[in-house]
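An overview of the molecular structure
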Amino acid sequence: MSAGLNALLEPGMFVRHPTEPGWGLGQVQSNIAERITVNFEHQGKVVIDGRFVELLLEHL
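Not measured: the values here are computed from a predicted model.

**Quick word on the environment of Glu34**
Here Glu34 shows up in the loop between β2 (26–32) and β3 (35–40). Judged by its relative accessible area of 37%, Glu34 is partly exposed. Once the C-alpha coordinates of Glu34 and Gly12 are considered, the two residues, 22 residues apart in sequence, prove to be 17 Å apart. Once residues lying within four places of it in the same chain are set aside, the contact partners of Glu34 are Ile48, Asp49, Gly50 and Arg51.

Encoded structure:
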């Protein structure tokens, strides 16, 4: 999987996990070397491997 949108994610942006809708809205904390740390409203802080999960940008 290519980096795609994940490469453009910056701290402060809001995202959703494509296969975990119950986690709710997440805010990007960091994006370093395809490891994206996101703080989700119902799951807490999660480190996402951007090589395998393409996060969905949420336009607020």
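Further notes follow.
**Focus: the sheet that holds strand β4 (residues 44–49)**
Judged by pairing direction, the sheet is antiparallel, and its 5 strands sit side by side in the order β4-β3-β2-β1-β5 without closing on themselves. The open sheet is flanked by β4 and β5 (56–57), the only strands paired with a single partner. Two strands pair when backbone bridges link them, and strand β1 (residues 14–16) and β5 are joined in this way by 2 bridges, in the antiparallel orientation. Its bridge partner lying in β5, Arg16 is registered against Leu56.

**As for the side chain of Thr37**
Position of Thr37 among the secondary structure elements: in strand β3. Note on Thr37: relative accessible area 14%, which makes it buried. Excluding its chain neighbours within four sequence positions, the residues that come into contact with Thr37 are Gln27, Val28, Gln29, Ser30, Lys45, Val46 and Val47.

Rules and cut-offs
- Residues numbered from 1 in each chain as written.
- Predicted model: local features only at pLDDT ≥ 70, side-chain atom pairs only at ≥ 80, totals over all residues.
- Heavy atoms only, no water.
- Helix = DSSP H or I, 4+ residues; strand = E, 2+ residues; numbered from the N terminus.
- Buried < 20%, exposed > 50% of the residue type's maximum accessible area, 1.4 Å probe, protein only.
- Contact = heavy atoms within 4.5 Å.
- Pairing = 2+ DSSP bridges.

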